[in-house]
Amino acid sequence: MIDLRSDTVTKPTEAMRQAAYNAEVGDDVYGEDSTVNRLEELAAEKLGKEAALFVTSGTQGNQIAVLTHCQPADEVIMEANAHVFVYEGAAMSALAGIQPRTINGVRGAMNPKEVEAAIRPEDIHFPETGLICLENTHNKAGGTVIPLDNMAAIKDVASQHNIPVHLDGARLFNAAVASGIPVHKFAEQTDTVQFCLSKGLGAPVGSMLAGPKEFIDRARKWRKRLGGGLRQVGMVAAPAIVALNEMVDRLGDDHENAKRLADGLANIDGINIEEEVETNIILVNVEELGLTSEEFIQKLKQEGILSGSYGTHSVRLVTNYGVTKEDIDTVLHKVNQIAHKKLTY
Ligand code: TLP
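Here the structure is a predicted model, which means the values were calculated and not measured.

Calculation criteria
- Residues numbered from 1 in each chain as written.
- Predicted model: local features only at pLDDT ≥ 70, side-chain atom pairs only at ≥ 80, totals over all residues.
- Heavy atoms only, no water.
- Domains from an automatic or database assignment.
- Contact = heavy atoms within 4.5 Å.
- Buried area = accessible area lost by both parts, 1.4 Å probe.
- Salt bridge = Lys/Arg side-chain N within 4 Å of Asp/Glu carboxyl O.
- Polar contact = N/O pair within 3.5 Å; in protein donor to acceptor, adjacent residues only side chain to side chain.
- Pairing = 2+ DSSP bridges.
- Helix = DSSP H or I, 4+ residues; strand = E, 2+ residues; numbered from the N terminus.
- Expected span 1.5 Å × (residues − 1).
- Near = heavy atom within 4 Å.
- Areas by Shrake-Rupley, 256 points an atom, 1.4 Å probe, with all protein chains shown as cover.
- Nonpolar A, V, L, I, M, F, W, Y, C, P; charged D, E, K, R; others polar.
- UniProt positions renumbered as here; feature names shortened; annotations may be inferred.

Engineer: With reference to specific residues and values, describe the domain arrangement of the protein chain.
Structural biologist: Parsing the protein chain into structural domains produces domain 1 (7-246) and domain 2 (250-344). Look at where the C-alpha atoms of domain 1 and domain 2 centre, and you get two points 29 Å apart. Facing 22 residues of domain 1, the contacting portion of domain 2 comprises 18 residues. Contact between domain 1 and domain 2 buries roughly 1700 Å² in total, counting both sides, with carbon and sulfur atoms accounting for 52%. On the surface where domain 1 and domain 2 come into contact, there are two salt bridges. Two residues, Arg-107 and Glu-275, come together in a salt bridge whose shortest N-O distance is 2.7 Å. At the boundary of domain 1 and domain 2, one finds eleven residue pairs in polar contact (both at pLDDT 80 or more).

See below:
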């Protein structure tokens, strides 16, 4: 199977498995797992933040950020297609008692003026604006890199109004590799950052939440409340260290494969690329083939290719560590056949 459903499907490398086997461990709830401590220091250093916390998933990292930044009945501003709004099961409402306030972005980027207009003035009727959430790369916008100056402009607005900013940087390293801008420059634009180790970086489990030390201390307590205080978790932190040290530069291969795939698909009649491809996500529209996304996905599956639905006619393909250039050519060949058959008969 060529698995293009997500970059979450990657399997750990041999070096990661060895690192897990050899990891020094301790009880992390006591702060005694030296491997986790090393990972947290490394992540904080890479992001230019004071401290970092190892969490079980991107969702947990984002939600701990919301819980730590906000009070119940606060409002959180985010882009209308943000992962925290669309794909986290309304966790911020269920867990933190938050009211989400969405803004339609352009390729995932919110207009700073619209963000400012959405900030609530002091009024007995209104909720308090407790947080602004950004996402980079933006998943549902097709893996787009949110420009640094857009983030900086939103940061300016936020600091004028004394509102913290959180970055869902699940794929922040993709943004850094694609733009040539170091991750810490993106991270500088926000108070806190969550990034995933288990996507393009290939680690089996985990995300990091980074920010000021005082914030991370409180976040650690939220993680415990959520049942995320793990014990000898150096076993999974060790592969994550390998991911950070060895797997960042190779994200460029995923981007090249995605570009190759998008360019090839763009030449197939009936297939339309919805957004310019900047990183490892491709959104393909199959409406002109007279197929729904689910029908197209089934046809691909019969050819040994896995993909995901992103709307009635929209299909998401994500390049990842397990997908080679040869696989890309196979996918192009198979899509060509499917499209040709569909348009001819
Ligand atoms: N995204 C997954 C699915 O949930 C859609 C994927 O396959 O892309 N932020 C962003 C921007 C994400 O794309 C994801 C995962 C998360 C947060 C959550 O990470 P996990 O899956 O570790 O909870």
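Back to the write-up after that little detour.
Engineer: Lay out the sheet that holds strand β10 (residues 281-285) in plain terms, naming residues and giving numbers.
Structural biologist: Pairing is antiparallel in the open sheet, where four strands are placed in the order β9-β10-β13-β12. If you trace the sheet from one side to the other, it starts and ends with β9 (272-273) and β12 (308-309), each paired once. Bridge count for β10 against strand β13 (residues 314-318) is five bridges, and the pairing is antiparallel. From the neighbouring strand, Asn-285 faces β13, where its bridge partner is Ser-314.

Engineer: Explain helix α11 (residues 234-246) to me, and be specific about the residues and the numbers.
Structural biologist: Compared with the 18 Å implied by 1.5 Å per residue over 13 residues, the 18 Å span of α11 between its first and last C-alpha is a close match. Those residues of α11 hidden inside the fold are in contact with α1 (14-22), α2 (34-47), β2 (51-55), α8 (172-179) and β7 (192-196).

Engineer: How would you summarise the site of the ligand if you had to cite specific residues and measurements?
Structural biologist: Taken together, 15 residues sit near the ligand, with Ser-6, Gly-58, Thr-59, Asp-168 and Arg-171 positioned nearest. Taking Ser-6, its side chain carries an N or O atom lying 2.7 Å from an oxygen atom of the ligand. Gly-58 places a main-chain nitrogen or oxygen 2.8 Å from an oxygen atom of the ligand. Contact with the protein chains removes 82% of the 510 Å² of surface that the ligand exposes when unbound. Examining the composition of the shell around the ligand, we find that three residues originate from one element, helix α3 (residues 58-69), more than from any other. In terms of residue class, the shell around the ligand is made up of two nonpolar, seven polar and six charged.

Engineer: Now, about the UniProt feature "modified residue: N6-(pyridoxal phosphate)lysine" (unreviewed entry) in the protein chain: what can you tell me, with residues and values included?
Structural biologist: Feature annotation in UniProt assigns "modified residue: N6-(pyridoxal phosphate)lysine" (unreviewed entry) to the following positions: Lys-199. Inspection of the secondary structure puts Lys-199 in the loop between β7 and β8 (207-211). Contact partners of Lys-199, with chain neighbours within four places excluded, come to Asp-7, Thr-8, Thr-10, Ala-170 and Arg-171.

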